[in-house]
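# What the coordinates show
Listed below are the residues making up each chain.
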Amino acid sequence: MKEMSANTVLDSQCQQKHYGITSPISLACPKEIDHIYTQKLIDAMKPFGVFEDEEELNHRLVVLGKLNNLVKEWISDVSESKAVEDAFVPVIKFEFDGIEIDLVFARLAIQTISDNLDLRDDSRLRSLDIRCIRSLNGCRVTDEILHLVPNKETFRLTLRAVKLWAKRRGIYSNMLGFLGGVSWAMLVARTCQLYPNAAASTLVHKFFLVFSKWEWPNPVLLKQPEESNLNLPVWDPRVNPSDRYHLMPIITPAYPQQNSTYNVSTSTRTVMVEEFKQGLAVTDEILQGKSDWSKLLEPPNFFQKYRHYIVLTASASTEENHLEWVGLVESKIRVLVGNLERNEFITLAHVNPQSFPGNKEHHKDNNYVSMWFLGIIFRRVENAESVNIDLTYDIQSFTDTVYRQANNINMLKEGMKIEATHVKKKQLHHYLPAEILQKKKKQSLSDVSRSSGGLQSKRSSLDSSFLDSSRDTDNGTPFNSPASKSDSPSVGETERITTPHNPAQGQPHLNGMSNITKTVTPKRAHSPSIDGTPKRLKDIEKFIRLESTFKDPRAAEERKRKSVDAIGGESMPIPTIDTSRKKRLPSKELPDSSSPVPANNIRVIKNSIRLTLNR
């Protein structure tokens, strides 16, 4: 097939051209065994529908041709138009003849538009409205990425594999703080630059090798940022202090350069780096002939991975309201993750991007219910027999944010509710069917690391040094049995409060915690480490050193005049600063505190969530 032929061409056309901001790590051409592994990778991907056959491809081209003609006709006939002033990016999302379309709009400062217009030319942005620039940015970044990779077909096949892996492993979601499509594309493109002649199977393995050892927050750059003298805001931590707080910067190659991963949090980065390491361990096995590609694409055992979970429920009384409400709640879940991360007793808050339908019997007032699950790891507190933790403020500030936003855009309607409940792993069966909970129940990372050595112990990064030491007592957990009414407390447990919201009511436990049994002095941890510093391969160590960041922002001007590129080119040094959670800038998602939580007759659910962790 087409993807496979691209690999075989490399035998006779090994690239010598330089791509990216550093020299390649290896110029080795693929061997016959690499082509065999690539074909096996393709075969493993086919059942997931990631490849279009000839008929589907032709249909897509026909649809795009029809749409192009329709737009041209429509433009010539339009006499009046109305601007939507608050649209961040002018876009129309629709389905046309079975094909999903995102139609963006931009007005260029030229008289006519030719079919072969090159949008990569930065001069096209001159005098454009910022919304038009954002509209063009998507295709400009895509075009630039394709221009910066050695072999487009090999890049596309590798990207298909990596995106499928990310979706299967639950780390594909820009909205929830993981990576979106363009970010995955740039990571794959950087891998292609470093191994310009490698086959797709080799590139997938090198992808995990490079980014499992990447020293974040060093930025990933496909090219040296260029200044076009158009005065547009670009990602530059030397100039913009807020850019220094980005945890996993991946910088778009087209002007104006932006960080595509500004939603990434401490927890999501921790989860992704752990997945990179597991991917490296699995691909080591595959290329040693000890496993096959299907193992890489196995889904994670999320519901067996943690001992504590938060169940977030969004419900509405009608299907139309539910669709709107779920979209808003999901877009704000990363605010909840940020709130939980700032709680000094929480090491990690891992949101599962997949939502699940709620049990209608447990929400008799509303027929339309969606649930999200967050896995929680609590920090071990030394010299304390038990710790009382109050998550009420962390969660209520999130729900207040959602209700406030819904009220500001006139979305909030009767019946729209958010509820959050802490549950333990053994209680998940109240919410999810057994087939979901038992899926991959027996699998652990230990069988991956046993032969490859890529992971030193089963989830050593999370379940050993940071896993809380609680037993299954959890006396103060406000677990509300789904069988009971939401307004009634469970027997023998902390009362669950459900009251109409009163904006004048004082905020409980502003520090998000309550008393500790013994006097301890807990310290807020920095970003959770993934594991001990591994011994790096020399080529990766040399490469990462070339792209390393500079920690002292005061020397920015001096560093502008220096070059750190090993091959003599110019390189932009990037300063960073301490990204501990206490010092992190407040989330832009949090609205102005002066904007009141809606005080109308719509009932706002308030939950008290307290739990006790015992040694």
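Our structure's up above, just so we're on the same page.
Before going into details, it helps to say that this report is about the structure given with it. (Residues numbered from 1 in each chain as written. Predicted model: local features only at pLDDT ≥ 70, side-chain atom pairs only at ≥ 80, totals over all residues. Heavy atoms only, no water.)

Moving on, we get to the overall build of the protein chain. For the protein chain, the count of helices and strands is 17 helices and twelve strands. Counting only residues that meet the buried cut, the protein chain has 51% of its 615 residues in that class. For the protein chain, long-range pairs separated by at least 24 residues make up 78% of all intrachain contacts whose partners lie at least 6 apart in sequence. Approximately 29,800 Å² of the protein chain is accessible, and the part contributed by carbon and sulfur atoms is 49%. (Helix = DSSP H or I, 4+ residues; strand = E, 2+ residues; numbered from the N terminus. Buried < 20%, exposed > 50% of the residue type's maximum accessible area, 1.4 Å probe, protein only. Contact = heavy atoms within 4.5 Å. Areas by Shrake-Rupley, 256 points an atom, 1.4 Å probe, with all protein chains shown as cover.)

Ranked by size, the top nonpolar core spans 114 residues in total, and within it Phe155, Trp165, Trp184, Leu187, Phe207, Trp325 and Phe373 carry the most contacts. Looking at this core, the element that brings in the most residues is helix α11 (residues 319-341), giving nine residues. Apart from the residues within four sequence positions on either side, Phe207 is in contact with Val162, Trp165, Trp184, Leu187, Val188, Thr191 and Phe276. In this structure, Leu119, Ile133, Leu136 and Tyr255 belong to the second largest nonpolar core, which totals ten residues. (Core = buried A, V, L, I, M, F, W, Y, C linked by side-chain atoms within 4.5 Å.)

Bringing unusual backbone geometry into the picture now. Note that the residue after Trp216, namely Pro217, is joined by a cis bond; omega there is 10 degrees. For Pro217, the position within the fold is in the loop between α7 (200-212) and β3 (220-221). Here the residue pair Tyr255 and Pro256 is connected by a cis peptide bond, since its omega of -5 degrees sits within 30 degrees of zero. Along the chain, Pro256 turns up in the loop between β4 (250-251) and α8 (266-287). Here the phi dihedral of Asn231 falls at roughly 60 degrees; this positive angle occurs in a residue that is not glycine. Its location among the elements puts Asn231 in the loop between β3 and β4.

Taken together, the side chains of Leu57, Leu61 and Leu64 define a hydrophobic patch exposed on the protein surface, amounting to about 250 Å² of accessible area. Assignment of secondary structure puts Leu64 in helix α3 (residues 54-77). (Patch = residues over 30% accessible without salt bridge, like charges linked within 9 Å, V, L, I, M, F, W, Y side chains within 5 Å. Salt bridge = Lys/Arg side-chain N within 4 Å of Asp/Glu carboxyl O.)

Here we take up the pairing of strand β5 (residues 308-316). Along β5, nine of the nine residues are buried, which leaves the element largely enclosed by surrounding structure. The two faces of β5 match: His308, Ile310, Leu312, Ala314 and Ala316 on one face and Tyr309, Val311, Thr313 and Ser315 on the other face are all buried. Note: β5 against strand β8 (residues 368-378), nine bridges, orientation antiparallel. Bridge assignment links Tyr309 to a residue of β8, and that residue is Gly375. Relative to strand β10 (residues 417-424), β5 runs antiparallel, the two being bridged by eight bridges. Looking across to β10, one finds that Tyr309 is bridged to Val423. (Pairing = 2+ DSSP bridges.)

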